[in-house]
Amino acid sequence: MESGKLTRRELLQRLSALAGGLILTGPISGCEGFWQREPAIPVDSWHKGVCRFCGTGCGIMIGVRDGKVVDVKGDEYAHNRGRICIKGILNREILYVRDRALYPMIRRNGRLERASWDEAMSLVAERFREAIDRYGPDSVAFYGSGQLFTEESYTANKLFKAGIGTNNVDGNPRLCMASAAAGYISVFGKDEPMGCYEDIDHATCFFITGSNTADCHPIVWERIMDRKRSRPETVIIVVDPRRTRTARHADYHLAIRPGTDVALYNAMIYEFIRNGFIDQDMVENYLTFREGDAERTFEDLKRHVAQYTPERVAPVCGVDARQIEEVAYLFAASEATMSIWTMGLNQQAQGTAANRLINAMHLLTGHIGRPGATPFSLTGQPNAGGGVRDTGALAHALPNGRVVTNPQHRAEMEDLWGVPRGRISPKPGYHAVAMFEAMARGDLKCVLIMGTNPAQSLPHAERYREAMQRTFLVVADAIYPTETAQFADVFLPSAMWVEKGGVFSQSERRYHLVPKLVDPPGEARSDLEILVELADRLGYGDLIKARTPEEVWDEWRQISAHSPYNFAGITYERLKKERGILWPAPTEDHPGTCRRYVPGEDPMAKGTGRFDFYGRPDGRAVVYLEHQQPSSDPRSDEYPLTLVTGRVYEHWHTLTITGKLEELEDITTDFLVVHPRDAHRYGIRDGAPVLVESRRGRAVLKARVSTDITPGIVFAPFHSPEALVNRVVNNTVDPISKEPAFKESAVRIQPASSAA
Ligand code: SF4
């Protein structure tokens, strides 16, 4: 038992008793199997939809009766083959949790008090207009979420960039996936993975690095386990400082020191070269080499990685040189290797460099573009990819891989959006951390936060909680209260999931539709309605003409036709019938694309060669030479340990939703995993309160003494609002992606009772 005080079996019994007969239908292989309800609940009609939680994006069937969602089950025709995890099955309960936000509120005399929509929106529009007129467009900002629908993120981006004229549009995907996006864009010229879930069924080696797939993407993990069960010789390599549930099923577990991935991957490339595993055709015809902006050659790469022999790298990473040699061999010699990663790799100060090297390992060995052979990042939220990355709803970006600093890209979008040339600012806006720093300085006067909870999810959280008090803050959320809502000047109640409807996109570029099935509670409105009304009140009604999810989607897919992210053929009509479609899909009869950049498979790829990396001007992918840098938050005598944060299987993000479910109330998340050696050294007793302090802040958690963590490293989930471990966490950002280094915080620990 890792994530709570109940055993798994006790949790199962509790759920069966409380949630109308949940039954475990799949094998328990590390991720607790998959779930269905006993078919005892009368349902008027079943509807195809998508889980509201993680980026696995499981298809689910939603049973409705008398205007309420009364049942859900896995969609056996979707990619998840009918399986869903515990969060998936609890999609029914989330709509009816306590603390659903029911009406708008305005802060009066220090308290949020009920107001009408007209009062609330009048005040929001008045304050935004006043700030724009007095201080300019860059005095306002939008902070969004990978949990909004694509139509909502697209509309917010258009309103702020083409209407108001500021690029201050960012959101929580910056905190989890920005380094994966920066990696793909710098290597392939375009964002998003080239492979798909089907590759899992063909891989003979899984290189899982910085991902506790079993807990955080459980249905992806079940598919990996299917592959292992049907072909036991399939190799699973896990790189993680913790012995997670994923690592326990690995053939090889490298318990690496946090933030040393770049050294490890360089050593693996050294081994590929030493053992003759380089795909010469790739090197000669499909790759170029770079170090920063400088051009390099394959010979330069050889010299570069010669500094990273396994013997040299082993003490840096805290693993055996022999292990590095073996996993490098298995990676390269396998028939088809699939790398899987997520926040463990992305949330470090060298997140982009690590992402570039993972892609390089596949490019150099030719493990790419074939069934089972692909680098494949998993997305954390249900719509961070399609909703935010693809729509360009980030401070530096424009739709479909364009960037605000490129004059041609700006001109293209100004024409497509029908605004005068020069409307889009050439200046990148504030990325997530910079946005809250600007709030701390008083440079941002008004900020709209939609569908997310940065007062808890940002690193160095206390600093940014103070910053929020210096700004006119508008918070739209389906739940009230949240950690962020307590700082709101205006609170707007949002509809959730099937109370509104729209398109999600999960890890494999699959766009799929969540239908509107029931009405939202109280006076709650969809985030799209809120944005449309704000546009009208600010005088941008002519720009934001698309007003329903389908109208917005139609506009957005027509815009995509002018880019390599072409999904013009993915209509609502198709999405209503099909189980999602993987883009590119340029025409309505196109079935979607499993593997990008492969001529004959990807409709955007030209020629007859093995690859057309069309995101790059020369059609060649880039292999970067990267050096391991010192830690961004080095350990010292004062702060001798490294804290890494993460998630548990049952809960979601900052507990605003799953924390309200009585079925999960005993799954505690306010714990700190400490190795017995460190527990002994610092006088920590299992179960006792422990004070964790960093250069930024302090938090009190309950000690969980376990050999599942490497000595010198401690782990805490980030879910608990009471414990608020993000007070402690490192807010240094990767210099390219601007993603914070959540996985690199130097800390010290002591019994909370002995703290001064
Ligand atoms: Fe939902 Fe993710 Fe679980 Fe699938 S794996 S049911 S998408 S939470």
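Caption draft 1: The overall build of the protein chain, seen in detail. A count of helical and extended segments in the protein chain gives 26 helices and 31 strands. Taken against the 2.2 N^0.38 rule, which gives 27 Å for 756 residues, the C-alpha radius of gyration of the protein chain at 25 Å falls within 12% of a compact globule. Summarising its shape, the C-alpha atoms of the protein chain cover approximately 70 × 65 × 55 Å along the three principal directions. Within the protein chain, buried positions represent 67% of all 756 residues. If you average the places of the 91 positive and of the 97 negative side-chain charges in the protein chain, the two averages end up 2 Å apart.

Caption draft 2: How the structure looks around the sheet that holds strand β4 (residues 59–65). The strand order β3-β4-β5 describes an open sheet built from 3 strands, whose pairing is antiparallel. Each of the sheet's edge strands pairs with one partner strand only, and the pair in question is β3 (45–50) and β5 (68–74). In this sheet, adjacent strand axes meet at a mean angle of 30° when their direction is disregarded. Taken together, the 6 bridges between β3 and β4 define a ladder with antiparallel strand orientation. Bridged to H47 within β4 is I62.

Caption draft 3: Local environment of the nonpolar core. Membership of the largest hydrophobic core comes to 65 residues, with the highest contact counts inside it found for F188, Y265, M268, L363 and L364. If you look at the next biggest cluster of nonpolar residues, it comprises 64 residues, including W417, I424, M450 and V490.

Caption draft 4: Structural context of the layout of surface pockets. Size it by volume and the largest pocket reaches roughly 730 Å³. A182, I185, S186, H396 and V403 are the residues nearest the centre of the largest pocket, which is lined by 33 residues in total. Where the lining of the largest pocket is concerned, the elements lending two or more residues are α7 (178–188), β17 (397–398) and β18 (402–403). Element by element, the count of residues in the lining of the largest pocket is highest for α7, at 5 residues. Across the lining of the largest pocket, the residue classes tally to 14 nonpolar, 10 polar and 9 charged. In this structure, the second largest pocket encloses a volume near 400 Å³. What lines the second largest pocket is a set of 24 residues, among which L655, G659, S720, P721 and E722 lie closest to the centre. Considered class by class, the residues forming the lining of the second largest pocket number 5 nonpolar, 10 polar and 9 charged.

Caption draft 5: Fine view of the site of the ligand. By nearness alone, every residue bordering the ligand is listed as C51, F53, C54, T56, G57, C58, I84, C85, K87, G88, P218 and I219. Taken together, the elements giving at least two residues each to the shell around the ligand come down to α2 (86–89) and α9 (218–230). Its residues assigned to classes, the shell around the ligand shows 8 nonpolar, 3 polar and 1 charged.

Caption draft 6: Examining the sheet that holds strand β19 (residues 446–450) more closely. With mixed pairing, the 7 strands of this open sheet are ordered in space as β7-β6-β21-β20-β19-β8-β9. Strand pairing shows two members of the sheet lacking a second neighbour, β7 (111–114) and β9 (169–171), which therefore form its edges. On average, each strand axis in the sheet is inclined to that of its neighbour by 20°, with strand direction left out of account. Helix α4 (residues 117–135) contacts β6 (105–108), β8 (140–144), β19, β20 (472–477) and β21 (490–493) of the sheet and is inclined by roughly 130° relative to β21.

Caption draft 7: Local environment of the packing of helix α11 (residues 261–274) against helix α15 (residues 321–333). Taken N-terminus to C-terminus, the directions of α11 and α15 make an angle of 65°; their axes are 9 Å apart at the nearest point. Here the hand of the crossing between α11 and α15 comes out right-handed. Facing L264, A267, M268, E271, F272 and R274 of α11, the residues of α15 in contact are I324, E325, V327, A328, F331 and A332. Across the contact of α11 with α15, the residue classes tally to 9 nonpolar, no polar and 3 charged.

Caption draft 8: Focus on the pattern of salt bridges. What the rule picks out here adds up to 61 salt bridges. When the shortest N-O distance is used, the salt bridge between E533 and R525 registers 2.8 Å. Residue E533 is classed as buried on the basis of its relative accessible area of 18%. Each of R81, R83, D201, E222, R223, D226 and R229 takes part in one network of salt bridges that share partners.

Caption draft 9: The confidence of the model for the protein chain, seen in detail. Residues of the protein chain with pLDDT of at least 70 account for 94%, and the chain-wide mean is 94. Every residue in residues 16–23 scores below 50 in pLDDT, and together they form 23 contacts with partners more than four places removed in sequence or on other chains.

Caption draft 10: Expanded view of the side chain of R410. Turning to its location among the elements, R410 is positioned in helix α19 (residues 407–417). It turns out R410 is buried and unbridged, and the closest side chain with the opposite charge, E414, is 5.0 Å from it. In contact with R410, other than residues within four places in its own chain, are L398, V404, T405, I424, S425 and P426.

Caption draft 11: Highlighting helix α24 (residues 549–560). For α24, with 12 residues, the first-to-last C-alpha span of 16 Å sits near the 16 Å given by 1.5 Å per residue. Of the positions making up α24, those classed as buried are V552, W553, W556, R557, I559 and S560. Buried residues of α24 fall within an arc of 155° about the axis and therefore sit on the same side.

Caption draft 12: Structural detail: the environment of D708. Here D708 is to be found in the loop between β29 (698–705) and β30 (713–717). You can call D708 buried: its relative accessible area is 17%. Taking C-alpha positions, D708 is 56 Å from R134, a pair spaced 574 residues apart along the chain. Engagement of the side chain of D708 in a polar contact is seen with the side chain of R248, the distance being 3.0 Å.

Caption draft 13: Focus on helix α17 (residues 351–365). When the terminal C-alpha atoms of α17 are compared, their 22 Å separation across 15 residues agrees well with the 21 Å that a helix rising 1.5 Å per residue should span. Counting buried positions over the 15 residues of α17 gives 15, a clear majority of the element. Residue G366 follows α17 closely and has a positive phi angle near 75°.

Caption draft 14: Fine view of the side chain of R616. With respect to the secondary-structure elements, R616 resides in the loop between β24 (581–582) and β25 (621–624). Buried within the structure, R616 lacks any salt-bridge partner; its nearest side chain of opposite charge belongs to D618, at an N-O separation of 4.4 Å. Each residue touching R616, except ones within four places of it in the same chain, is listed here: S186, V187, F188, G189, R290 and V622.

Caption draft 15: Spatial organisation of the pairing of strand β27 (residues 671–674). Of the two faces of β27, the one lined by F671 and V673 and the one lined by L672 and V674 are each fully buried. Taken together, the 4 bridges between β27 and β29 define a ladder with parallel strand orientation. Counterpart to V673 in the pairing with β29 is R704.

Caption draft 16: Quick look at unusual backbone geometry. Following Y480, the chain continues to P481 via a peptide bond in cis, the omega torsion being 0°. Its place among the elements puts P481 in the loop between β20 and β21. With an omega dihedral of 0°, the bond running from W583 to P584 counts as a cis peptide bond. In this fold, P584 is placed in the loop between β24 and β25. Backbone geometry places R81, a non-glycine residue, at a positive phi of 55°. Within the secondary structure, R81 sits in the loop between β5 and α2.

Caption draft 17: The pairing of strand β15 (residues 337–341), seen in detail. In terms of burial, β15 is a largely internal element, 5 of the 5 residues being buried. The alternating pattern of β15 places T337, S339 and W341 on one face and M338 and I340 on the opposite face, and all of these are buried. Bridge count for strand β10 (residues 205–209) against β15 is 5 bridges, and the pairing is parallel. Bridge assignment links T209 to a residue of β15, and that residue is W341.

Conventions and cut-offs
Residues numbered from 1 in each chain as written. Predicted model: local features only at pLDDT ≥ 70, side-chain atom pairs only at ≥ 80, totals over all residues. Heavy atoms only, no water. Helix = DSSP H or I, 4+ residues; strand = E, 2+ residues; numbered from the N terminus. Rg over C-alpha atoms; globule rule 2.2 N^0.38 Å. Buried < 20%, exposed > 50% of the residue type's maximum accessible area, 1.4 Å probe, protein only. Lys, Arg positive; Asp, Glu negative; His and termini not counted. Charge placed at Lys NZ, Arg CZ, Asp CG, Glu CD. Pairing = 2+ DSSP bridges. Axes fitted to C-alpha atoms, helices over the stretch in contact; angles between N-to-C directions. Core = buried A, V, L, I, M, F, W, Y, C linked by side-chain atoms within 4.5 Å. 1 Å grid on protein atoms, 1.4 Å probe; cavity = no way out; pocket = protein on both sides within 12 Å on 5 of 7 lines; lining within 4 Å. Points joined across faces, edges and corners; volume = space filled by probe spheres on them. Nonpolar A, V, L, I, M, F, W, Y, C, P; charged D, E, K, R; others polar. Near = heavy atom within 4 Å. Contact = heavy atoms within 4.5 Å. Left-handed = near helix turned anticlockwise from the far one by under 90°. Salt bridge = Lys/Arg side-chain N within 4 Å of Asp/Glu carboxyl O. pLDDT = per-residue confidence, 0-100. Expected span 1.5 Å × (residues − 1). Arc of directions from axis to C-beta. Polar contact = N/O pair within 3.5 Å; in protein donor to acceptor, adjacent residues only side chain to side chain.

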